[in-house]
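Tertiary structure, described
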Amino acid sequence: MSKNPVVVVDSFTKVYGDGTRIGPITLHVGEGEVYGLVGPNGSGKTTTLRAILGLLKPSGGKVSVYGLNPYSHPEKVNQKIGYSPEIPNYPPFFTAEKLLRVTCNMKKIIGKDADNEVRRILDLTGLVNHADRKIGNFSKGMVQRLSIGQALVGDPPLLILDEPMLGVDPVGRAHIRDVLLQLRKQGKTIIFSSHELYEVQRLSDRVAMVYMGKTVFEDMVMNILNNSPETKVVAELVSEPDGKLAKALEEISGVLEVAFEANKVVISVDSSLDPREKIAEKIVNLGYGLREFRISQPSLEEVFINRVKESVSG
Amino acid sequence: MAITFLLELGLYLVLTRLPPQFIETFSGAAWTLGIIAPSAGLLHVLALTIGSSTSAEEYELGTADYWMTRPLKRSSYFLGKTVGGLVLLFLIVFTYSILSLSVSWYVFGPQSKVEIFPIALAASIASAAPFYAIGLAFGELLRRSMMSTIVAGAVFFASVLVETYANFVALIAGDLTLREVVRFLPSWASTGLTPTILTDALGLSLNTPGAPFTGLGAENLWLAAASIFIYSTVFFLIAWLRFRHSDVTRRAL
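Each chain carries its own residue numbering, running from 1 in the direction its sequence is written. For this description, chains carry letters from A and ligands carry numbers from 1, given in the order in which they are written. Only residues with pLDDT of 70 or above have their local features reported here, since the model is predicted, and side-chain atom pairs are shown and tallied only from 80 upward, although totals for entire chains, interfaces and linings are computed over all residues. Water and hydrogen atoms were dropped before computing side-chain values, which therefore reflect all heavy atoms in the structure.

1. Quick word on the overall build of chain B
Starting at the N terminus, helices and strands are each numbered in turn, a helix being any DSSP run of H or I of at least four residues and a strand any DSSP run of E of at least two. Of regular secondary structure, chain B possesses 11 helices and zero strands. Starting at the N terminus, the α and β elements of chain B follow one another as α-α-α-α-α-α-α-α-α-α-α. Taken over C-alpha atoms, the radius of gyration is set against a globule rule of 2.2 Å times the number of residues to the power 0.38. Here the C-alpha atoms of chain B give a radius of gyration of 20 Å, agreeing with the 18 Å that 2.2 N^0.38 yields for 253 residues. Accessibility here uses a 1.4 Å probe with only protein chains present; expressed as a share of the type maximum, an area under 20% marks a residue as buried, one over 50% as exposed, and anything in between as partly exposed. Put simply, chain B has 253 residues, and 49% of those count as buried.

If you want it as structure tokens, here you go:
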């Protein structure tokens, strides 16, 4: 991670009263990064986010936000954080505007500044026409949007969003995605957890995958996909491939597996050895002719599912 | 709260039905009865209920997350919640006390000793503090409002029962040690302070040995104040320590 570290979670562990153990979890979030935290239910995503927010005390390891321990200095850390919880719970008798005004007040934004801030947030979240409605009458998607909105009050540099798409319909999801993309363009540091791996792949620079309370891997999204064993080279040939070609390709260092699909050769490769050039050369030299040559990258979801399977099988 | 007002109205309704000669002796200070009656028990049940739900409901509803992720000192949050609960308690006491005064004035004519009204208010609030603090502490420890109300309520009723039983035994057996022992119970000062202060100010004595809720005796006022202070401080401290040194739990899903 080359950017200034904003959040450092180093071998964080949490042991709950019932003996449930989460961790060790390690993640590093740099300034301006959009960081996706993925993993199944109960894997420790929310626990990690709550430790970053200073809501719980780590049993072991270290958590720091802007160089501060969030558990010891919650008021200083929370000055720089906007947080939207997994299940937003706001007083149901509050209107959207009232909640945003209270939030402004707590961030010491008052008077005309508060009016402008409330207006800005309502615009951004598309809730202008619902400003006077009570939160108790909001749909789930509207509550999520409001929740993200209240996190944005005061324009904090770090946003922590726990499952921001949870239970939101496709239209609402698209709206939230647009908001997040806008924030990303503004250079905000965003940490968000999600089950929606497609969204994570689309929005994140860096991803940590948490499973059974442990970090399975943490890397840039592009690195994860490029270096994944699921990454394949697909070559469409002029003539039909045969056993001779398979044998020749398997001799190349970095080629893991060769399969044929009609006129196509699908080759599993070790990305770190990058055998693409040698593969193309061999196909051409053996006279099979190349019509198309491309890299087939897996989705984050495929990588995730395979890692989970690997973890389960030990 | 509605029960408190019903108690007040019921009390004065009963008083108007009593023979005039019975009422005559204290009709000029009938307003004090409306303050003494709730302090026998209802005030403390109210106090422990408010104390239990003050913080526990924030955890139950999940709104604690919202408050605790604001740039807010934990001490400010705790103080805000605690004072907020006390203000609510004060408003209830103030409302039923004003109701007592106005109904008494309306039913029995001009009331005397009204100058001690602020003292009566202060005594009621002070005497409610221990069970408010006990409720607050159990609310923080259990983080479930209903559960903590039941536990804090059990503490109150157990304390009252033990006090009554010990006083009764002391009366029959003539064993004064038992009357000394009950002074360590939280209900002793809580239920006795307001009647003692008011009856003392009116020049009456309700201090009947063995009878609960009839006062502590003016000579015990300082001891009662100390008991209230100690119980309140200890349980406020328990609540604070539990709050300060434990995780902010999420709402039960």
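On we go.
2. Re the packing of helix α10 (residues 186-201) of chain B against helix α11 (residues 221-244) of chain B
Working note: a packed helix pair is described by the angle between its axes plus the distance between those axes. All names here are of chain B. Between α10 and α11, the shortest axis-to-axis distance is 9 Å and the interhelical angle comes to 135°. Considered as vectors, α10 and α11 are oriented oblique to each other. Between α10 and α11 lies a crossing of left-handed hand. Mapping the contact onto sequence places Pro186, Trp188, Ala189, Leu193, Thr196 and Ile197 in α10 and Leu221, Leu223, Ala224, Ser227, Ile228 and Tyr231 in α11. Residue polarity is assigned by list, with Asp, Glu, Lys and Arg as charged and Ala, Val, Leu, Ile, Met, Phe, Trp, Tyr, Cys and Pro as nonpolar; anything else, Gly included, falls into the polar class. Of the residues in the contact of α10 with α11, the class split is 10 nonpolar, two polar and no charged. Between N-to-C directions, angles span 0 to 180 degrees; the directions come from axes that are lines fitted to C-alpha atoms, helices contributing only their stretch in contact. For classification purposes, angles smaller than 35 degrees are called roughly parallel, those larger than 145 roughly antiparallel, those between 65 and 115 roughly perpendicular, and all remaining angles oblique. Each crossing gets its hand from how the near helix is turned against the far one by less than a right angle, where anticlockwise is left-handed and clockwise is right-handed. We call two residues contacting when some pair of their heavy atoms lies within 4.5 Å.

3. Re the sheet that holds strand β4 (residues 60-65) of chain A
Residue and element names in this part refer to chain A. A sheet is described by the order of its strands in space; here three strands give the open sequence β2-β1-β4, paired in antiparallel fashion. This sheet does not close on itself; its edge strands, each paired only once, are β2 (21-30) and β4. Averaged over all neighbouring strand pairs, the angle between strand axes comes to 15°, with direction disregarded. Sheet topology note: the strand β1 (residues 5-15)/β2 ladder contains seven bridges and is antiparallel. When the sheet's bridge partners are listed, Val8 is paired in β2 with His28. Note: two strands are recorded as paired if DSSP finds a minimum of 2 bridges between them.

4. Let's talk about the side chain of B:Arg74
You can see B:Arg74 is positioned in helix α6 (residues 74-108). Just so you know, the count uses Lys and Arg for positive and Asp and Glu for negative, and it drops His and the chain ends. Any carboxyl oxygen of Asp or Glu that lies within 4 Å of a side-chain nitrogen of Lys or Arg is treated as forming a salt bridge with it. Buried charged residue B:Arg74 carries no salt bridge. Nearest counter-charge: B:Asp247, at 6.9 Å. Here a polar contact means two N or O atoms within 3.5 Å. Within protein one must be a hydrogen donor candidate and the other an acceptor candidate, and residues neighboring in sequence count only if both atoms are side-chain atoms. A polar contact of 3.4 Å, which involves the side chain of B:Arg74, links it to the backbone oxygen of A:Gly54. Not counting chain neighbours up to four residues away, the residues in contact with B:Arg74 comprise A:Gly54, A:Leu55, A:Tyr71, A:Pro74, B:Met68, B:Trp240, B:Phe243, B:Arg244, B:Ser246 and B:Val248.

5. Notes on the packing of aromatic side chains
Two rings belonging to Phe, Tyr or Trp (six-membered ring only in the last case) form a pair when the distance between their centres is within 6.5 Å. Interplanar angles under 30 degrees mark stacking, angles over 60 mark edge-to-face geometry, and anything in between is tilted. According to the stated counting rule, one finds 13 aromatic pairs over all chains in the structure shown. Each ring, one from B:Phe131 and one from B:Phe156, has its centre 4.9 Å from the other, and the planes form 85°; the classification is edge-to-face. One end of the pair, B:Phe131, is in helix α7 (residues 117-142); the other, B:Phe156, is in helix α8 (residues 145-173), with 25 residues separating them in the sequence. Accessibility assignment for this pair places B:Phe131 and B:Phe156 in one class, buried. When the centroid spacing of 5.1 Å and the interplanar angle of 70° are considered together, the rings of B:Phe156 and B:Phe157 count as edge-to-face. Classification of B:Phe156 as buried rests on a relative accessible area of 2%. Among the aromatic residues, those joined into a cluster by ring pairs are B:Tyr77, B:Phe78, B:Trp240 and B:Phe243. Only Lys NZ and Arg CZ are tested; either one counts as a charge over a ring when it is within 6 Å of the ring centre and within 35 degrees of the ring normal. Above the plane of the ring of A:Tyr16 lies A:Lys14, whose end atom (NZ or CZ) is 6.0 Å from the centre. The cationic tip of A:Lys80 hangs over the ring face of A:Tyr66; the distance from NZ or CZ to the ring centre is 4.7 Å.

6. Some details on the nonpolar core
Looking at soluble globular proteins, one finds that nonpolar side chains tend to be buried together. Nine residue types can take part in a nonpolar core, namely buried Ala, Val, Leu, Ile, Met, Phe, Trp, Tyr and Cys, and a core is a set of them joined through side-chain atoms within 4.5 Å. Of all hydrophobic cores here, the largest spans 118 residues; its most connected members are A:Val7, A:Leu27, A:Ile52, A:Ile160 and A:Ile191. Sort the elements by how many residues they give to this core and α7(B) lands first, with 12 residues. Not counting residues up to four positions away in its chain, the partners in contact with A:Val7 are A:Leu27, A:His28, A:Val29, A:Ile52, A:Ser64, A:Val65, A:Leu158 and A:Ile191.

7. Description of the interface of chain A and chain B
Listed by partner, the interface residues are 27 residues for chain A and 22 residues for chain B. Accessible area that two parts lose when put together, evaluated with a 1.4 Å probe and summed over both, is termed the buried area. Broken down residue by residue, the surface that chain A buries against chain B is led by A:Leu55, A:Asn89 and A:Met106, which jointly contribute 28%. At the surface where chain A touches chain B, the tally comes to two salt bridges. In this structure, B:Asp247 and A:Lys14 form a salt bridge, with 2.7 Å as the shortest nitrogen-oxygen distance. Linking chain A with chain B are 11 residue pairs in polar contact (both at pLDDT 80 or more). The dominant element in the side of chain A that touches chain B, judged by the number of residues it contributes, is helix α3 (residues 96-106) of chain A, at four residues. When the residues that make up the side of chain A that touches chain B are grouped by side-chain class, the tally is 13 nonpolar, eight polar and six charged.

8. Side note on the pairing of strand β5 (residues 81-84) of chain A
Along any regular strand the residues' side chains alternate between the sheet's two faces. Residues and elements named next belong to chain A. Residues of β5 alternate between two faces, with Ile81 and Tyr83 on one and Gly82 and Ser84 on the opposite face, all of them buried. Pairing of β5 with strand β6 (residues 158-162), which is carried by four bridges, proceeds in the parallel orientation. Paired with Ile81 across the strands is Leu158, a residue of β6.

9. Focus on the environment of B:Ser190
All names here are of chain B. Positionally, Ser190 belongs in helix α10. Using a relative accessible area of 0% as the deciding quantity, one classes Ser190 as buried. Along the chain, Ser190 and Ala40 lie 150 residues apart, while their C-alpha atoms are 8.4 Å from each other. Ser190 has contacts with Ser39, His44, Ser127, Pro130 and Phe131, leaving out every residue within four places of it along the chain.

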